[in-house]
Amino acid sequence: LKKKCALSYPALDVAEYTQLDPTVASDVLSKRGLIAKKYVLYLSRVIEAKGIFELVAAYRSSNLPAAGIQLLIVGRGEALESVQAFTAGDPSISHITDMADAEKAAIFDGAASYVLPSKFHPTFVETFGIVITEAMLTRCGPVITCPTGGIPEAAGKNCVYAEVDQSEDTG
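Source: prediction; values computed, not measured.

Novice: Looking at this structure, I do not really get helix α6 (residues 130–137). What am I missing?
Specialist: Since there are 3.6 residues in each turn of an α-helix, residues three or four apart along the chain are aligned in direction. Here α6 has its buried residues at Val131, Ile132, Thr133, Glu134 and Ala135. Where α6 is buried, its residues contact α1 (14–18), β1 (39–43), α5 (101–110), β4 (113–116), β5 (143–145) and α7 (151–155).

Novice: Quick question: what am I supposed to make of the pairing of strand β2 (residues 70–74) here?
Specialist: Across a regular strand the side chains alternate sides, sitting on one face of the sheet and then on the other. Counting buried positions along β2 yields 5 of 5 residues, so the element is predominantly enclosed. Both faces of β2 are covered, namely the face carrying Gln70, Leu72 and Val74 and the face carrying Leu71 and Ile73. The pairing of β2 with strand β3 (residues 93–96) spans 4 bridges and is classified as parallel. Counterpart to Val74 in the pairing with β3 is Ile96. Handedness of the crossover is the feature at issue here: the chain leaves β2, passes through helix α4 (residues 80–87), returns alongside β3, and the resulting connection is right-handed.

Novice: Help me out: how do you make sense of the nonpolar core in this one?
Specialist: Soluble globular proteins tend to bury their nonpolar side chains together. Core analysis: the largest hydrophobic core is formed by 44 residues, its most contacted members being Leu41, Ile73, Ile107 and Tyr114. Leaving out residues up to four positions away in the same chain, Ile107 has contacts with Val28, Leu29, Arg32, Leu34, Tyr39, Leu41, Leu72 and Met99.

Thresholds applied
- Residues numbered from 1 in each chain as written.
- Predicted model: local features only at pLDDT ≥ 70, side-chain atom pairs only at ≥ 80, totals over all residues.
- Heavy atoms only, no water.
- Buried < 20%, exposed > 50% of the residue type's maximum accessible area, 1.4 Å probe, protein only.
- Helix = DSSP H or I, 4+ residues; strand = E, 2+ residues; numbered from the N terminus.
- Contact = heavy atoms within 4.5 Å.
- Pairing = 2+ DSSP bridges.
- Right-handed = clockwise from strand over helix to strand, strands pointing away.
- Core = buried A, V, L, I, M, F, W, Y, C linked by side-chain atoms within 4.5 Å.

Structure representation (structure tokens):
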């Protein structure tokens, strides 16, 4: 079996993230109505196993909204409609569901912080965590995540780890 199996990491164009033209980054943020370092970023599939509802609750209970720091949720997924309903009417939380790949580095780069609170879930196991790597390659603020699945392999000791919610009732 070991002879037939191999570990393959996803390809990543590092220069896309480390050599981002500041003018391009500024243009992308302007087009999206974003101000650099004035938003916390969640960029991933919008599914319950990624801890998105816990992130929204934590954000709302923090002092970030009062400080003018927005929560930006970027992505699509099976929980998108539920998350949009959960955040409806909250002017400090916004969504992008149509982001082009060419915008991704700029969106990361402008973030005050990137947060991926992935958690243990019976229907999902986090893989390598390529999005964590992408965020860490930019001038994004601290990368905050949970040590689940393959995330520690991607992040090593180069991020802030939050405690994982292992409760049965996480809804």
